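Fold and contact review
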Amino acid sequence: MTAGAVEYDESGRVRFHDSCVTDTNQPTFEADWQRRAFGLAVALSEFDHYSWDDFQGELIRAIDAWEKQGQGAEPWEYYDHWVAALQRVVEHHGLLADGYVGPRERDHAAEHDHDH
Amino acid sequence: MTEQFDYPADRESASAAKVHALEALLIEKGIILPTTVDKVLGYFESEMTPLNGQKIVAKAWVDPDFAALLAKDAPAAIAQLDLPDGMAGAEGEHIAAVVNEPGVHNLVICTLCSCFPWPVLGLPPYWYKDPVFRARAAREPRAVLTELGVPLTDDTEVRIWDSSGHSRWFVVPSRPEGTDGWSEEELAALVTTESMIGVAVVEPPAVAVGSGA
């Protein structure tokens, strides 16, 4: 964690993002695209296109890269990192590549092999 | 502080466009159906909510055997309760409970990303993912807890639990005074999400005027 993300108030105390202290019950998503990005990442993992750990690894890397940029970084938006991680995990697992074999087809192929 | 958290409108619409395009491509390729994302979101939003955590905490307050098992093997304890199917799915398989007791206050954070026990607490509040909250809570938890209104005495030990892919912690807060003889349902209603993250305590029921100090 770099000091780049930390700011201080008049009394010298580190300041939270407003949402940390003003309303702990505010909605999780601030925009519908955040909600859909969340649902998409979970859905693809639930249907075995990648493991949750794979997605989470990408998310950790994306956030870590942002933190290392310090003051020069884009303003914080958690779901931008989420989207970047989602794009990477989709790419690494070749979901959009020609000839991608999904979990259902993989299972089917395994059963088929078994018959012979 | 504003600059670090300003979020220009064009960046917002660019992010929205990226997500929309990705979902459309996945549908076009036949990887998902047009209904898939809504179905998953619907399940999360209706079944994986803090109501599950509230029931677990209330049970632990009235049943010492359950409380002991919860601390030792949370998934086994949770399996005994009549909670929604799929509690073991997404982020549920590594749930672990830590129990507040006199002189010990537990606080859950995730310094890496924002691991969270969705099945028992629902989705994390916005601030849980905030980099400043994550950094400060790890570095100066007592100051953070005091600012958030958690009463700590000098000899209260604060234990920090950093959630990860392997353990997603939630806190069993202390049962408030003035609740003797209460039913599990009545007790569950007192339990807040914040108390199960450890950024709050469960307040005693407001029975008498002037009871809140």
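Okay, so let's go over this structure. (Residues numbered from 1 in each chain as written. Chains lettered and ligands numbered in written order. Predicted model: local features only at pLDDT ≥ 70, side-chain atom pairs only at ≥ 80, totals over all residues.)

1. Remarks on the overall build of chain B
Counting its secondary structure elements, chain B contains eleven helices and four strands. With 213 residues in all, chain B has 40% of them scored as buried. At a minimum sequence separation of 6, the contacts of chain B that also span at least 24 residues come to 71%. (Helix = DSSP H or I, 4+ residues; strand = E, 2+ residues; numbered from the N terminus. Buried ≥ 20, exposed ≤ 12 C-beta atoms within 10 Å, placed from the backbone. Contact = placed C-beta atoms within 7 Å.)

2. Digging into helix α4 (residues 78-92) of chain A
Residue and element names in this part refer to chain A. Helix length check: α4, at 15 residues, gives a terminal C-alpha distance of 21 Å against a target of 21 Å (1.5 Å per residue), a fit within 8%. When α4 is considered as a whole, its buried residues turn out to be Tyr 78, Tyr 79, Asp 80, His 81, Trp 82, Val 83, Ala 85, Leu 86, Val 89 and Val 90. Two residues or fewer after α4 comes Gly 94, characterised by a positive phi angle close to 65°. (Expected span 1.5 Å × (residues − 1).)

3. Observations regarding unusual backbone geometry
At A:Asp48, a position not held by glycine, the phi torsion is positive, near 65°. Checked against the element boundaries, A:Asp48 lands in the loop between α2 (32-46) and α3 (52-69).

4. Points about the nonpolar core
Core analysis: the largest hydrophobic core is formed by 74 residues, its most contacted members being A:Ala37, A:Ala41, A:Trp82, A:Leu86 and B:Phe170. No fewer than three residues from each of domain 1 (8-44) and domain 2 (49-197) of chain B sit in this core. Apart from the residues lying within four places of it in its own chain, the contact partners of B:Phe170 are B:Gly53, B:Ile95, B:Ala97, B:Val108, B:Pro117, B:Val120, B:Leu121 and B:Met196. (Core = buried A, V, L, I, M, F, W, Y, C linked by C-beta atoms within 7 Å. Domains from an automatic or database assignment.)

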